[in-house]
Amino acid sequence: MAVLTVKNLAKTFNLGTPRASRVLDDITFEVRGQTFVSIVGPSGCGKSTLLNIISGVEEHTSGEISLTSDEGRPARMGYVFQDPRLLPWRSVLRNMMYVQDDQGEATVARARRYLDMVGLAKNADFYPGQLSGGMQQRVGIARAFAVEPDLLLMDEPFSHLDAITARGLRAQLQDIWAQSKKTVVFVTHDVVEAVELSDRIIVLQPGGRIYEDIGIDLPRPRRQTDPTVATLQAEVLARLEAMKELGRTTEPVA
Amino acid sequence: MSTASQATVDRRRSTSEIERSTPAWRRRLTSDRAARVAALLSFLLVWVLLSLLFRRVPGPVEVVQRLGEEFARGEVFGNFGSTLYRFGIGVALATVVGIAIGVLMGLSSLSRAFFESPVLVALSIPAIIWAFLTVMWFGFGDLSPIVTTFLTSVPFVVVNVAQGVRGVSRDLRDMSSTYHVPVSRQVRDLVLPAVAGYIAAGVRFAIIIGWNGVLLAEWFGGGGGVGYRARWWYDANRFGGFAAWVVLFVGFIVLLDRFVLDRAIRRAFRWRDS
């Protein structure tokens, strides 16, 4: 059963003014349960705007979005941002509880379990300022998983981290995802990252249209050093290069 | 042929090394506490000099004597207690109402448009006008000083809190909306802690401005209190007694700020020091 359905979605900023600019155009896709979908594309192609529209932070101009939950209640969403977005005056555990509907003991235990999964069980009472950037981002990831979301949105969560920390967190994300099997929509500009993590890659082109929808059928867990992963990464990169070339020889889509 | 040049080594000392090599007396003399003591001593010195130069300026010794006499007459506790009661209620009301209006103004542009002009008008009315008006409206009693304290101090709390709320991180507010955090929890756990510094600044202003208000209302309205007693000495042309009451209340405000407000602020911001 589909969890997320996006149909003919469009977004124009400053609509009805001379400064109107269309950033998303006729976007249609479906994300089924327990899949990890990445949205990739060059800077400014509307990836983050699409995620913000799905999350409800941003309004869309036209088209439809629907989110389905199996349990007869409104669908829950988790969001991992580019930066951790933690309340600096609350401890790590209290930051995780801030976004929870239920504040009971069972929820605290669940929050602690996810903190343990990201290796921060001992830091539950620390303030964010006492943690490194990578540790803070792990809290952000644990917070998103701990709300037990029907759909988890991730907006370039590793883009502000150094390469070593980002690699460690990607491996950790794969492990948590393998255990929880949440439905994930992951925005990145890094094709290598997308191939390592995803079941499917949706490529957006400048002007905010879908260029290609690529299935990634590789066994998990995946590591960048694995030759099959590396080969597929090169192939997807080549397709993106082709898209770039096409953009140079044809009219802009927008 | 090359000549060997002498290498210059610029070795920087660590802070612990600098601390070790600085004599203890010098460290004490350049401490914050020494600066505070120096300010107090300078003030006392200027006061003594002025009292020696001008006959109508009572010196510190005379002021302390007059204060002692007031204690002996049993005037201090009753009058000081009355003022404290009126001042406390006025400032507490101003803090609660000011935070509520400030949060509304910070969160909603409609509330901002509604409250902006009244707050500006209230800010521009001096405490003495409120004192006259409340004495005319409510007569002699507790109500005039309480309302004067409230009216003079509430706009300062409102302006500070509204400014703080508008500065709350947009990212954190978006994060809260994304996770559908209830508005009451957003206000309690996000907005109020984020504006704690602005609230503290607003309450400090409220205390200082409210003090003016309560004294003026008591001065004109009678009915006991520090302002009333200060005026009694002023009418008797005895400036020592007048100054004794001023010193008593100023001393109280300074102690309140240092030992209550300052500690509360440090406690509220202990996460920042961690």
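Residues numbered from 1 in each chain as written. Chains lettered and ligands numbered in written order. Predicted model: local features only at pLDDT ≥ 70, side-chain atom pairs only at ≥ 80, totals over all residues. Heavy atoms only, no water.

**Concerning the overall build of chain B**
So, point 1. Scanning chain B from terminus to terminus reveals 14 helices and zero strands.
So, point 2. Ordered by position from the N terminus, the helices and strands of chain B form the series α-α-α-α-α-α-α-α-α-α-α-α-α-α.
So, point 3. Whereas a compact globule of 274 residues would reach a radius of gyration of roughly 19 Å, chain B reaches 26 Å, over 25% beyond that.
So, point 4. Along the three orthogonal principal directions, the C-alpha set of chain B runs to about 95 × 65 × 30 Å.
So, point 5. Within the span of chain B, comprising 274 residues, buried residues form 37% of the whole.
So, point 6. Within chain B, residue pairs in contact and separated by at least 24 positions form 70% of the contacts whose partners lie at least 6 positions apart. (Helix = DSSP H or I, 4+ residues; strand = E, 2+ residues; numbered from the N terminus. Rg over C-alpha atoms; globule rule 2.2 N^0.38 Å. Buried < 20%, exposed > 50% of the residue type's maximum accessible area, 1.4 Å probe, protein only. Contact = heavy atoms within 4.5 Å.)

**Digging into the sheet that holds strand S3 (residues 36-40) of chain A**
Residue and element names in this part refer to chain A.
So, point 1. Read across the sheet, six strands follow the order S5-S6-S7-S3-S8-S9 without closing on themselves; strand pairing throughout is mixed. The sheet terminates laterally at strand S5 (77-80) and strand S9 (209-215), the two strands that pair on one side only. Adjacent strand axes in the sheet meet at a mean angle of 15° when their direction is disregarded.
So, point 2. Bridging between strand S6 (residues 151-155) and strand S7 (residues 183-188) involves five bridges; their strand directions are parallel. Paired with Met 154 across the strands is Phe 186, a residue of S7. (Pairing = 2+ DSSP bridges. Axes fitted to C-alpha atoms, helices over the stretch in contact; angles between N-to-C directions.)

**Quick word on the packing of aromatic side chains**
So, point 1. Applying the stated criterion across every chain yields a total of 20 aromatic pairs over all chains.
So, point 2. For the ring pair Tyr 114 of chain A and Phe 145 of chain A, a centre distance of 6.1 Å and an interplane angle of 20° mean the geometry is stacked. With Tyr 114 of chain A in helix H3 (residues 105-117) and Phe 145 of chain A in helix H4 (residues 133-146), this pair connects stretches of sequence that are 31 residues apart. With respect to burial, Tyr 114 of chain A and Phe 145 of chain A carry one shared label: buried.
So, point 3. With a centroid separation of 6.1 Å and an interplanar angle of 45°, the aromatic rings of Phe 158 of chain A and Phe 186 of chain A are classed as tilted. Remark: Phe 186 of chain A occurs in strand S7 and Phe 158 of chain A occurs in the loop between S6 and helix H5 (163-180); sequence separation between them is 28 residues.
So, point 4. A residue is classified by how much of its surface remains accessible, and Phe 158 of chain A, at 4% relative accessible area, is buried.
So, point 5. On the accessibility criterion, Phe 186 of chain A (0% relative accessible area) is buried.
So, point 6. Following the ring pairs from residue to residue traces out a cluster consisting of Phe 80, Phe 87, Trp 211, Phe 249 and Phe 252 of chain B. (Phe/Tyr/Trp six-rings, centres within 6.5 Å; stacked < 30°, edge-to-face > 60°.)

**Section: the packing of helix H4 (residues 60-73) of chain B against helix H13 (residues 239-268) of chain B**
All names here are of chain B.
So, point 1. Where H4 meets H13, the axes come as close as 8 Å, and the angle between the chain directions of the two elements is 85°. With respect to their mutual orientation, H4 and H13 come out roughly perpendicular. Between H4, through Glu 62, Val 63, Arg 66, Leu 67 and Glu 70, and H13, the contact on the second element is made entirely by Gly 240, Gly 241, Ala 243, Ala 244, Trp 245, Val 247 and Leu 248.
So, point 2. Each residue belonging to the contact of H4 with H13 can be placed in one class, and the counts come to seven nonpolar, two polar and three charged. (Parallel < 35°, antiparallel > 145°, perpendicular 65-115°, else oblique. Nonpolar A, V, L, I, M, F, W, Y, C, P; charged D, E, K, R; others polar.)

**A closer look at helix H7 (residues 127-138) of chain B**
Residues and elements named next belong to chain B.
So, point 1. End to end, H7 covers 16 Å across twelve residues, agreeing with the expected 16 Å (1.5 Å per residue, within 8%).
So, point 2. Where H7 is buried, its residues touch helix H6 (109-124), helix H8 (143-166) and helix H11 (196-221).
So, point 3. Positioned one or two residues after H7, Gly 139 has a phi angle of 75°, which is positive. (Expected span 1.5 Å × (residues − 1).)

**Let's talk about the interface of chain B and chain A**
So, point 1. Contacts between chain B and chain A engage 17 residues on the former and 24 residues on the latter.
So, point 2. For the pair chain B and chain A, the two sides together bury roughly 2000 Å², of which 61% comes from carbon and sulfur.
So, point 3. Broken down residue by residue, the surface that chain B buries against chain A is led by Thr 178, Tyr 179 and Trp 271 of chain B, which jointly contribute 36%.
So, point 4. Run the count over chain B and chain A and you get two salt bridges.
So, point 5. In this structure, Asp 171 of chain B engages Arg 85 of chain A in a salt bridge whose closest nitrogen and oxygen atoms are separated by 3.5 Å.
So, point 6. Secondary-structure elements contributing two or more residues to the side of chain B that touches chain A are helix H9 (170-178), helix H10 (183-194) and helix H14 (270-273) of chain B.
So, point 7. Here the residues of the side of chain B that touches chain A sort into eight nonpolar, four polar and five charged. (Buried area = accessible area lost by both parts, 1.4 Å probe. Salt bridge = Lys/Arg side-chain N within 4 Å of Asp/Glu carboxyl O.)

**Re the nonpolar core**
So, point 1. By size, the foremost hydrophobic cluster in this structure holds 105 residues, and its most contacted members are Phe 29, Leu 50, Leu 115 and Leu 173 of chain A together with Tyr 179 of chain B.
So, point 2. Setting aside residues no more than four positions away along its own chain, Leu 173 of chain A makes contact with Phe 36, Ile 141, Phe 145, Met 154, Phe 158, Phe 186 and Leu 197 of chain A.
So, point 3. With 14 residues, the next largest nonpolar core counts Val 191, Val 195, Ile 214 and Ile 216 of chain A among its residues. (Core = buried A, V, L, I, M, F, W, Y, C linked by side-chain atoms within 4.5 Å.)

**Focus: the pairing of S7 of chain A**
Residues and elements named next belong to chain A.
So, point 1. Here S7 lies mainly inside the structure; six of its six residues are buried.
So, point 2. The side-chain alternation of S7 yields two buried faces, one formed by Thr 183, Val 185 and Val 187 and the other by Val 184, Phe 186 and Thr 188.
So, point 3. As paired elements, S3 and S7 share five bridges and run parallel to each other. Among the inter-strand pairings, Val 40 is bridged to a residue of S7, identified as Thr 188.
So, point 4. For the crossover from S6 across H5 to S7, the handedness is right-handed. (Right-handed = clockwise from strand over helix to strand, strands pointing away.)

**Considerations on the UniProt feature "transmembrane region" (unreviewed entry) in chain B**
All names here are of chain B.
So, point 1. Following the UniProt record, one finds the feature "transmembrane region" (unreviewed entry) at residues 34-54, 84-107, 119-140, 146-169, 190-211 and 242-261.
So, point 2. Summarising residues 146-169: 88% helix, 0% strand, and an end-to-end C-alpha distance of 36 Å.
So, point 3. In residues 242-261, helix accounts for 100% and strand for 0%; the two terminal C-alpha atoms are 27 Å from one another. (UniProt positions renumbered as here; feature names shortened; annotations may be inferred.)

**Regarding the UniProt feature "domain: ABC transmembrane type-1" (unreviewed entry) in chain B**
So, point 1. UniProt tags residues 80-260 of chain B as "domain: ABC transmembrane type-1" (unreviewed entry).
So, point 2. In this annotation, residues 80-260 of chain B is assigned 88% helix and 0% strand; the end-to-end C-alpha distance for the span is 19 Å.

**As for the side chain of Ser 91 of chain A**
So, point 1. Here Ser 91 of chain A shows up in the loop between S5 and helix H2 (92-98).
So, point 2. Aside from chain neighbours lying at most four places away, what touches Ser 91 of chain A is Ala 124, Asp 125, Phe 126 and Tyr 127 of chain A.

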